[in-house]
Amino acid sequence: MNKYIIQGGNKLNGEVNISGFKNAILAIIPATLLAKDKCRIENVPLIKDVYILVEMMKELGAEVYLDEKNNAIDIDTSMIVECTASYDIAKALRASYYLVGAGLGRFKEAHVAYPGGCDIGSRPIDQHIKGFEALGSNVEIEHGIINCKADELVGTKIYMDVISVGATINVMLSAVMAKDKTIIENAAKEPHIVDTANFLNAMGADVRGAGTDVIRINGVDKLHGCTYSVIPDQIEAGTYIVAAAATEGNVLVKNVIPKHLESITAKLKELGVEIIENDDSIRVIGKPNLKKVNIKTLPYPGFPTDLQQPISVLLTKAEGISVVTESIFEGRFKYVDELKRMGANIKVDGRSAIIRGATPLSGTKIMATDLRAGAACIIAGLIADGETEVYNIEHVERGYERIEEKLKGLGVDIKRVTE
Ligand code: UD1
C-alpha cells in the first residue's frame, strides 16, 4: 500500500506547469479507433488512467507507443478488427465506455463491459444508450457487457434528458461516421467536449457547435490520422489554485486557459484571494481572513463538481458558514468524515455540506475515497498542523501527473512511501 506523508504548514511558492486534460485524453485515445490510421497525440498527461487506456487499446489490437519523454502517444488503430473489451480490461476505468461509441462508429458493433471508475454515487448510462439507439443501433446489456450492433447508423435529432459529458462525447463518437446529419440538443459544454470535437475534426469529421448546447454532426465516410495536442487540465489547475490559496502562498499556475477557470477564480476572488489572470497563466496570492461563500456545482460553465471536494477544504478556513451544494453526483461527500477527523466542522445535509469556519485542521491518518477526494485530503494535509498521512493514493495517481514532484517544487514537504 502506498501513502503520502505531508508535513503541514508550508506556504506554496513558485511556479507549476499544468499537464494535458485527463478528461480530454480519456475521450481522445478511444476516438483514435475511428480513423483506422496513425495518430500522434501530444501534451498527454502521464497518469495511471492513460497507462490503463493504452493497455486497453493494445488489447484491442492497436500499436501504441507512449513517448514519455515528450508526453506524447503514437497510436495506429489500423490493425484493429473488432471492438470487444472484457470486464478485466474495462473495469478499471469509467472512460472505457467511450470504446462503445468509437467501436460502434467504426465497426457498427461494439461489446464493452459496463464501466468502473470513481465511486461517487450512481452513474447511469441511459443517455448514452438512448443516443446509440436513436442512431439505429440495437443495445443490450447482458452479463455486464454493453452489446451494440447496427446494420447502419443514420443521423437524427437526439435530445439529452440530462446534461451529460460522457453521453455527449459518446454520441459524437458514434455519429461522426453515421449517414446524414446528427443533432445533439441539450449537449454538455465542457472544454473537453470541444477538445474531442476538435480532435475529431482534425481527423476529417464535420462536427459543429461543440461548446454550445446544440452540436451538429455531418457524417463522413472515412476519417484519417492526425497530430493533435490536448488542452490543459482545468481541474488540475483548479486544484493547485485552491492549494495555493489554502496555504496563503504565491503561485504562478502556468499552461492554463484562464477562460476555463472563471467559475473557480471568481469564487476565490469572492473569498478574498488575489487572482491575476494572464494570457496562459494565473497568479494566485493567498490571503488570511477569508470570507464565507456558497457554492453549487453545475455543468460547465458552472462550478465543476470535480473541484467541490478541494475547495471545501479551503472553506474550512473562511469565517462563518459556507454552504456547498453538490448537484451532479450525490455520493461526493464521503471525504467529509476524513476532514472532520482533522477538526473540520462540517455537517452534510442531503446534497449540501454546511461548513462552519474558521477551524484549524490537525494532521492525522486519512483515506482518499476517490480521485478528487484524494486531492482534498492532500490540501488538508498542506494546511494541517503537524503530519498527515494520506492513504489510498492510487486514486490520486489515476488523475494527477507527478503530483508529489510538482508539490515539492512549490516547497511542500511531501513523501510517497510504500508500505
Ligand atoms: C465526466 C467527468 C467527471 C466529471 C463529470 C461531471 C470524464 C472522464 N469524467 O463524468 O470527471 O465529474 O463529467 O462534470 O470526463 N447521467 C445520467 N444518465 C447518463 C449519464 C449521466 O443520468 O446516461 C447523470 C449522472 O448520474 C450525473 C450527471 O448526469 O448526475 C452528469 O454525469 P456525466 O456528465 O455523464 O459525468 P461523466 O461523463 O461520468
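The numbering scheme is per chain: residues are counted from 1 as the chain's sequence reads. At least 70 in pLDDT is required for a residue's local features to be given in this predicted model, at least 80 for side-chain atom pairs to be given and counted, and no such filter applies to totals for whole chains, interfaces and linings, which use all residues. Working from all heavy atoms in the structure, the side-chain values ignore hydrogens and water.

Draft legend 1. Main features of the overall build of the chain. Only DSSP runs of H or I with at least four residues qualify as helices, and only runs of E with at least two residues qualify as strands; both kinds are numbered from the N terminus onward. Along the backbone of the chain there are 14 helices and 25 strands. Taking 22 Å as the expected radius of gyration for a compact globule of 419 residues, we find that the chain reaches 21 Å, a close match to that expectation. To sort residues, take the accessible area from a 1.4 Å probe on protein chains only and compare it with the maximum for the residue type: under 20% means buried, over 50% means exposed, and anything in between is partly exposed. Among the 419 residues that make up the chain, the fraction classed as buried is 58%. Of the contacts made within the chain by residues no fewer than 6 positions apart, 72% connect residues no fewer than 24 positions apart. To measure how exposed things are, a 1.4 Å probe is used in the Shrake-Rupley method; for residues, cover is taken only from the protein chains shown. Within the structure as shown, the chain displays about 15,800 Å² of accessible surface, and the carbon and sulfur contribution to it stands at 47%. For this measure, only C-alpha atoms enter the radius of gyration; the expected value for a globule follows 2.2 Å times N^0.38, where N is the number of residues. Two residues form a contact once any of their heavy atoms are found within 4.5 Å.

Draft legend 2. Region of interest: the packing of helix H1 (residues 22–31) against helix H4 (residues 98–107). Here an axis means a line fitted to C-alpha atoms, over the contact stretch when the element is a helix, while the angle between two N-to-C directions is reported on a 0 to 180 degree scale. The interhelical angle for the contact between H1 and H4, taken along N-to-C directions, is 30°, at an axis separation of 8 Å. Viewed along their axes, H1 and H4 adopt a mutual orientation that is roughly parallel. As for the relative orientation of H1 and H4, their crossing is right-handed in sense. Of the residues in H4, those touching H1 at Leu26, Ala27, Pro30 and Ala31 are Tyr98, Leu99 and Ala102. Its residues assigned to classes, the contact of H1 with H4 comprises seven nonpolar, no polar and no charged. Should an angle lie under 35 degrees it is considered roughly parallel, over 145 roughly antiparallel, and from 65 to 115 roughly perpendicular; all remaining angles are considered oblique. With the far helix as reference, a near helix turned anticlockwise by less than a right angle produces a left-handed crossing, and one turned clockwise produces a right-handed crossing. Ten residues, namely Ala, Val, Leu, Ile, Met, Phe, Trp, Tyr, Cys and Pro, are considered nonpolar, four, namely Asp, Glu, Lys and Arg, are considered charged, and the remaining ones, Gly among them, are considered polar.

Draft legend 3. View of the layout of surface pockets. Grid spacing is 1 Å over the protein atoms alone, the probe is 1.4 Å, and a cavity is where that probe fits but cannot get out, while a pocket is an open set with protein on both sides within 12 Å along at least five of seven lines and lining residues have an atom within 4 Å of a point. Grid points are joined across faces, edges and corners, and a volume is the space filled by probe spheres set on the points. The calculated volume of the largest pocket comes to roughly 1,000 Å³. Arg123, Val165, Gly166, Ile328 and Phe329 are, among the 45 residues lining the largest pocket, the residues nearest its centre. Among the secondary structure elements, those contributing two or more residues to the lining of the largest pocket are H1, helix H5 (126–134), helix H6 (165–175), helix H8 (234–246) and helix H12 (371–383). Looking at the lining of the largest pocket, its residues break down into 22 nonpolar, twelve polar and eleven charged. A domain-level breakdown of the lining of the largest pocket finds at least three residues from each of domain 1 (2–18 + 232–418) and domain 2 (22–229). Annotation comment: domain bounds sourced from an automatic or database domain assignment.

Draft legend 4. A look at the pattern of salt bridges. Salt bridges are counted wherever a side-chain nitrogen of Lys or Arg sits within 4 Å of a carboxyl oxygen of Asp or Glu. For the structure on display, the rule yields 26 salt bridges. Across the pair lysine 3 and glutamate 419 runs a salt bridge, and its minimum N-O distance is 2.7 Å. Of this pair, lysine 3 sits in strand E1 (residues 2–7) while glutamate 419 sits in the segment after strand E25 (413–418); the two residues are 416 residues apart in sequence, bridging distant segments of the chain. Residue class for lysine 3 comes out buried when judged on its relative accessible area of 7%. Of the charged contacts in the structure, one is a salt bridge between lysine 317 and glutamate 248, with a shortest N-O distance of 3.0 Å. Of the two residues, lysine 317 is situated in the loop between helix H10 (308–315) and strand E20 (318–325) and glutamate 248 in the loop between H8 and strand E15 (250–254); the sequence distance between them amounts to 69 residues. Accessibility expressed as a relative area gives 24% for glutamate 248, which makes it partly exposed. One salt-bridge network, held together by shared partners, links Arg40, Glu42, Asp67 and Asp74.

Draft legend 5. Region of the structure containing the pairing of strand E8 (residues 138–142). DSSP calls a pair of strands paired once it identifies at least 2 bridges connecting them. Across five bridges, the pairing between E8 and strand E9 (residues 145–149) is antiparallel. Residue pairing in the sheet places isoleucine 141 in a bridge with isoleucine 146 of E9. Here E8 folds back onto E9 in antiparallel fashion, the turn holding two residues, of which histidine 143 has a positive phi close to 50°.

Draft legend 6. Broad picture of the site of the ligand. Only heavy atoms are used to decide nearness, and a residue is near a molecule or strand if one of them lies within 4 Å of it. Not every one of the 22 residues close to the ligand is listed here, only the nearest: Gln127, Ser164, Val165, Asp306 and Ile328. Asparagine 23 places a side-chain nitrogen or oxygen 3.2 Å from an oxygen atom of the ligand. One of the backbone N or O atoms of glycine 166 is found 2.9 Å from an oxygen atom in the ligand. Assessed atom by atom at 2 Å from the grid points, the ligand resides in the largest pocket. Where the shell around the ligand is concerned, the elements lending two or more residues are H5 and H6. Tallied by class, the residues present in the shell around the ligand amount to eight nonpolar, eight polar and six charged. Structurally, the shell around the ligand is a two-domain feature, drawing no fewer than three residues from each of domain 1 (2–18 + 232–418) and domain 2 (22–229). N or O atoms closer than or at 3.5 Å make up a polar contact, with two conditions inside protein: a donor-capable atom paired with an acceptor-capable one, and, for residues adjacent in sequence, both atoms drawn from side chains. Grid points define the cavity or pocket, and a molecule sits in it when more than half of its atoms lie within 2 Å of them.

Draft legend 7. Local environment of the domain arrangement of the chain. Assigned domains within the chain: domain 1 (2–18 + 232–418) and domain 2 (22–229). Here the C-alpha centroids of domain 1 and domain 2 sit 30 Å apart. For any pair of parts, buried area is found by adding up, for both, the accessible area (1.4 Å probe) each one loses once the two are put together. Across the domain 1 to domain 2 interface the summed buried area is about 1,900 Å²; carbon plus sulfur atoms make up 51%. The largest contributions to the domain 1 side of the interface with domain 2 come from Tyr300, Arg398 and Glu401, which together make up 35% of the buried area.

Draft legend 8. Main features of the environment of aspartate 306. Following the sequence through the fold, aspartate 306 ends up in the loop between strand E19 (295–296) and H10. Distance in space between the C-alpha atoms of aspartate 306 and leucine 33 is 28 Å, their sequence separation being 273 residues. When residues no more than four places from it in sequence are discounted, the contact partners of aspartate 306 are Asn23, Ile235, Arg332 and Arg372. At a separation of 2.7 Å, a polar atom in the side chain of aspartate 306 contacts the side chain of arginine 332.

Draft legend 9. How the structure looks around the sheet that holds strand E24 (residues 387–391). On the basis of which strands lie adjacent, the open sheet formed by four strands has the order E23-E24-E1-E25 and mixed pairing. Sheet topology places strand E23 (365–367) and E25 at the edges, where each strand pairs with a single neighbour. Between one strand and the next, the sheet's axes are offset by a mean angle of 25°, whatever the strand orientation. Against the sheet, H12 makes contact with E1, E23 and E24, and its axis sits at roughly 30° relative to E1, the strand it touches most.

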